[in-house]
Amino acid sequence: MITSPWEGVPTVAFGGDYNPEQWPREVWEDDVALMRQAGVNMVSLGMFSWVFMEPEEGVFDFGWLDDLLDLLHAGGISVDLATPTASPPAWFYHAYPQARVRTRDGVPLPLGPGSRGMASPNSPEYRTAAVRIATELAKRYADHPAVVMWHVHNEYGAPVGEDFSDNAAREFRLWLQRRYTDLDGLNEAWGTAFWGQAYSDWSHVNPPGPTPSVPNPSQSLDFARFTDHQLRQCYIAERDAIRAHARQPITTNFMANECPTTDLFAWAKEVDIVSNDHYLTAADPQGHIGLALAADLTRSVGGGKPWIMMEHSTSAVNWQPRNVAKRPGEMARNSLGHLARGADAICFFQWRASRFGAEKFHSAMLPHAGTDSRTWREVRGLGTTLGEVGEIAGSTVRAQAAILWDTESHWAQSLQWRPSVDVDAKERIRAYYERLWRDGITTDFAHPESDLSAYRLVVAPASYLLTDAAAANLTRYVAQGGTLVVSFFSGVVDEHDAVHEGGFGTPLREALGVSVEEFLPMRSGERAALSWPEPDGGVRELPVDTWQEAVITHGAQVLATFASGPAAEPGYFQDRDAGAGTPAAAAPDGDSAPGSAGGAAAGDGRAGTEAASHGMPAITRHSHGSGTGWYVATKLDVEHLAPVLGAAYADAGLSPSTLPEQVEVVRRHGSGSDYVVILNHSHVGATVPFESGAHDLLTDAPLSGPLDLPAGGHAVVRVPVPDSPEVD
Ligand code: GLA
């Protein structure tokens, strides 16, 4: 199996997208010389060059590319050669106007050439043209010594994802026929008995276009699956065309958590090495935490193997409302942030800043200001740093905690007419991730149906759609000793977006000891609180907003109750039998309070007399088998998740970091040595303890004591195994 171009080579690849067709040939030689100066050892080439490779249909011109590859090779620079299919030439759209994507509102794109974006992923003409150019490239360059990797397309799903063309309608029907065999199967899966939508003929079935009221959610969910599938088929067709001639590893650049139309756990199975693009969001003041999330997700979809940071920016991007320049030192911290979380290659968009076109205000490795610039000096500095840490390549990250990630669930949750527009899967994932990050706990992302046995703690911040198989997997995980923390609005629907029989939360009832009788979403801006018992016997009020629920316990211990808000109103208990549910004294699992949290009452079908006077259960804990299932029935912010997750860590046997919160420490495990990457995101210096035997790779000196890191500083330290400090 082909995995990485650098298998066994102690090198971190460094470089970026190179768009030489925007420059006269004289500049190419300068480029190579400057690349060498900066320590660049790989560039990605060709992603927007289709019209230069094939100026007319079936007429190829590779002379310029031959010269360029030879020039780069002579300069010792490897090439990740791209297929150019993210941007078909004007001649293609002229010849095949029917191959254009059509928007949901019926507008064909492009209306004329003049931008970029693939043609319809459902168009046979596009598929043929894409495979043809991929084949020509592979035949010509399979044996070129500069080409170490193939890069299919560019960012599938952006800017083109959904397509509502006639081609799409035809392919959607075929896809549905394969999935459901006959119309009875389709009608049942889509619940077409509702609003009289039953189909009697396949030709009546269409993509979910504009509708008078909201479209059928099951149909919309299947259309999201179909869209992902069709994009992936485009990738697979090009990949197979290359593989027919070439041996180098093949990738396509993902957009981790940013791409709404691709299910990366499925995509990662199709690439030889995972690669990702990540850009900071200026509006996010903690962008480095979003970066860490994207990096952890990228590593996780690839099964933990080293991956490629294919594109990030040296400074500002150009496509946000306010494009904030990176502060001095930030680019290096960002790059090492990806490296820390498993990247073996650090690349940028792009090598040389474009003088014209839509991206001329985007930063680059070589900025408009040239080599006498801060960016260039920092780029050279980064090249040196990556050269010094080459031995980290091939080492891997091991996480003891995982957050569940299921793209299908996110698709389903984001459809219309949900109980509250304020409930957002990605917001909850980020909040829980950020809590774990601030606590210094390295986290994987895991699909809910995957093997979770390696993790002490599994967090489910947004498992709205949960299949029976996933629920059984999570229940087994708890029974076998795991600690599971589930956030509200989880376990609600099955794979067809139909509510689970038995009501909300039913699939996880065994693991969590609760079910949910009714959702109680809150008004915009409404604030409330829950009562959280402190270890000293006091009670702390934690603020909540957005959401509460009427939680019914089935054996779970109630740790916190709602102090105010809809679930604190006494009426919820009025029509319940006093003896309903499992009596506290006979609670089968004998739940007792963990670490810091004292229990309010054990399961009696309600919150118990004392707790009831304070409202319905807000946070519960349940022993199942040899593990524990937690349920959090409301939205807590990152700060106030701290005591709750702190108590869950105690169950899981995890210790949060004692370093200051903005000092990020991640460990990569190698053979013989581990590597600890430290990034100080704070404005003050920090001290990080190390045992003897540690070696600072950037100063190439043994550490004779704790490492002092200035504000904004970074370090990479080799530590011996197994006597190294317990930092994940
Ligand atoms: C994406 C694309 C690049 C470029 C950058 C700009 O990642 O792949 O071609 O447009 O955005 O940030």
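Below is a short write-up of the structure. (Residues numbered from 1 in each chain as written. Predicted model: local features only at pLDDT ≥ 70, side-chain atom pairs only at ≥ 80, totals over all residues. Heavy atoms only, no water.)

**Examining the site of the ligand**
Line of reasoning, step 1. Around the ligand, the structure places Phe48, Arg116, Asn154, Glu155, Asp277, Tyr279, Glu311, Trp319, Phe349, Glu359 and His362.
Line of reasoning, step 2. One of the side-chain nitrogen or oxygen atoms of Asn154 is found 2.7 Å away from an oxygen atom of the ligand.
Line of reasoning, step 3. Residue His362 places a side-chain N or O atom 2.7 Å away from an oxygen atom belonging to the ligand.
Line of reasoning, step 4. Notes on the ligand: free accessible area 310 Å², of which the protein chains cover 96%.
Line of reasoning, step 5. Of the residues belonging to the shell around the ligand, the class tally is four nonpolar, two polar and five charged. (Near = heavy atom within 4 Å. Polar contact = N/O pair within 3.5 Å; in protein donor to acceptor, adjacent residues only side chain to side chain. Areas by Shrake-Rupley, 256 points an atom, 1.4 Å probe, with all protein chains shown as cover. Nonpolar A, V, L, I, M, F, W, Y, C, P; charged D, E, K, R; others polar.)

**Remarks on the packing of helix H3 (residues 63–74) against helix H5 (residues 124–141)**
Line of reasoning, step 1. Direction vectors running N to C along H3 and H5 enclose 45°, while the axes themselves pass 12 Å from each other. By the angle between their axes, H3 is oblique relative to H5. As H3 runs across H5, the sense of the crossing is right-handed. Along the contact surface, H3 presents Leu65, Asp66 and Leu69, while H5 presents Leu137, Arg140 and Tyr141.
Line of reasoning, step 2. Looking at the contact of H3 with H5 residue by residue, the classes come out as four nonpolar, no polar and two charged. (Axes fitted to C-alpha atoms, helices over the stretch in contact; angles between N-to-C directions. Helix = DSSP H or I, 4+ residues; strand = E, 2+ residues; numbered from the N terminus. Parallel < 35°, antiparallel > 145°, perpendicular 65-115°, else oblique. Left-handed = near helix turned anticlockwise from the far one by under 90°. Contact = heavy atoms within 4.5 Å.)

**Concerning unusual backbone geometry**
Line of reasoning, step 1. Between Leu109 and the following residue, Pro110, the backbone shows a cis peptide bond with an omega angle of -5°.
Line of reasoning, step 2. Mapped onto the elements of the fold, Pro110 is located in the loop between strand E5 (108–109) and H5.
Line of reasoning, step 3. In this model, Ala158 is joined to Pro159 through a cis peptide bond whose omega is -5°.
Line of reasoning, step 4. You can see Pro159 is positioned in the loop between strand E6 (147–151) and helix H6 (166–180).
Line of reasoning, step 5. Of note, Thr181 is a non-glycine position whose phi angle comes to about 65°, a positive value.
Line of reasoning, step 6. Turning to its location among the elements, Thr181 is positioned in the loop between H6 and helix H7 (183–189).
Line of reasoning, step 7. Its identity as a non-glycine residue notwithstanding, Phe489 has a phi of 60°, on the positive side.
Line of reasoning, step 8. Among the secondary structure elements, Phe489 is positioned in the loop between strand E15 (483–487) and helix H16 (509–512).

**A closer look at the sheet that holds strand E25 (residues 673–680)**
Line of reasoning, step 1. Reading across from one edge, E24-E25-E30-E27-E28 is the order of the five strands in this open sheet, with antiparallel pairing throughout. Whereas interior strands pair on both sides, the edge strands pair on one side only; in this sheet they are strand E24 (663–669) and strand E28 (701–702).
Line of reasoning, step 2. Relative to E28, strand E27 (residues 695–696) runs antiparallel, the two being bridged by two bridges. Across the sheet, residue His695 finds its bridge partner in E28, namely Pro702.
Line of reasoning, step 3. Contacts from helix H11 (residues 330–340) reach E24, E25 and strand E30 (714–720), with the element oriented near 145° to E25. (Pairing = 2+ DSSP bridges.)

**Thoughts on the pattern of salt bridges**
Line of reasoning, step 1. For the structure shown, the criterion picks out 35 salt bridges.
Line of reasoning, step 2. Notably, a salt bridge pairs Asp296 with Arg341, separated by 2.9 Å at the nearest N-O pair. Of this pair, Asp296 sits in helix H10 (residues 287–301) while Arg341 sits in the loop between H11 and strand E11 (343–348), placing them 45 residues apart in sequence.
Line of reasoning, step 3. For Asp296, a relative accessible area of 0% corresponds to the buried category.
Line of reasoning, step 4. Close ionic contact of Glu664 with Arg341 constitutes a salt bridge, the shortest N to O distance being 2.7 Å. With Glu664 in strand E24 and Arg341 in the loop between H11 and E11, this residue pair connects regions lying 323 residues apart in the sequence. Taken as a pair, Glu664 and Arg341 share a single burial class, namely buried.
Line of reasoning, step 5. Among the charged side chains, a salt-bridge network with shared partners connects Asp284, Arg430, Glu434, Arg435, Arg438, Asp439 and Glu661. (Salt bridge = Lys/Arg side-chain N within 4 Å of Asp/Glu carboxyl O. Buried < 20%, exposed > 50% of the residue type's maximum accessible area, 1.4 Å probe, protein only.)

**Digging into the environment of Glu449**
Line of reasoning, step 1. Counting through the fold element by element, Glu449 comes out in the loop between strand E13 (443–446) and strand E14 (457–460).
Line of reasoning, step 2. According to the relative accessible area criterion, Glu449 is partly exposed, its value standing at 42%.
Line of reasoning, step 3. For the pair formed by Glu449 and Ala470, sequence separation is 21 residues and the distance between their alpha carbons is 4.6 Å.
Line of reasoning, step 4. Setting aside residues up to four positions removed in sequence, Glu449 forms contacts with Thr467, Ala469, Ala470 and Asn473.
Line of reasoning, step 5. In terms of polar contacts, Glu449 uses its side chain to reach the side chain of Thr467, at 2.6 Å.

**Some points on the sheet that holds strand E2 (residues 42–45)**
Line of reasoning, step 1. Pairing is parallel across the open sheet formed by nine strands, whose spatial order is E7-E6-E3-E2-E1-E11-E10-E9-E8. The outermost strands of the open sheet, each flanked by one partner alone, are strand E7 (250–251) and strand E8 (253–254).
Line of reasoning, step 2. Bridge analysis of E8 against strand E9 (residues 275–277) gives two bridges, and the strand direction is parallel. Each bridged residue has a counterpart across the sheet, and for Asn253 the counterpart in E9 is Ser275.
Line of reasoning, step 3. Lying on the sheet, H5 is in contact with strand E3 (78–82) and E6; it crosses E6 at an angle near 175°.

**Quick look at the environment of Thr467**
Line of reasoning, step 1. Structurally, Thr467 can be placed in the loop between E14 and helix H15 (468–479).
Line of reasoning, step 2. The sequence separation of Thr467 and Glu495 amounts to 28 residues, and the corresponding C-alpha distance is 5.8 Å.
Line of reasoning, step 3. Those residues in contact with Thr467 that lie beyond four places of it in its chain are Glu449 and Glu495.

**Some remarks on the nonpolar core**
Here is a general trend for soluble globular proteins: nonpolar side chains tend to be buried in one another's company.
Line of reasoning, step 1. Of all hydrophobic cores here, the largest spans 175 residues; its most connected members are Leu65, Leu72, Trp150, Leu457, Leu530, Trp532 and Ile619.
Line of reasoning, step 2. Looking at which domains feed residues into this core, each of domain 1 (401–652) and domain 2 (663–720) supplies at least three.
Line of reasoning, step 3. Apart from the residues lying within four places of it in its own chain, the contact partners of Leu65 are Leu45, Met53, Leu81, Leu137 and Tyr141.
Line of reasoning, step 4. Within the second largest apolar cluster, 15 residues are counted, among which are Leu659, Val665, Val676 and Leu709. (Core = buried A, V, L, I, M, F, W, Y, C linked by side-chain atoms within 4.5 Å. Domains from an automatic or database assignment.)

**Thoughts on helix H8 (residues 217–243)**
Note on helix geometry: an α-helix contains 3.6 residues per turn, so any two residues three or four positions apart are oriented the same way.
Line of reasoning, step 1. The end-to-end C-alpha distance of H8, which contains 27 residues, comes to 38 Å, matching closely the 39 Å that a straight helix rising 1.5 Å per residue would cover.
Line of reasoning, step 2. The element H8 is largely enclosed, with a buried count of 22 among its 27 residues.
Line of reasoning, step 3. Residue Asn216 occupies the N-cap position of H8, its side-chain oxygen lying 2.8 Å from the main-chain nitrogen of Ser218. (Expected span 1.5 Å × (residues − 1).)

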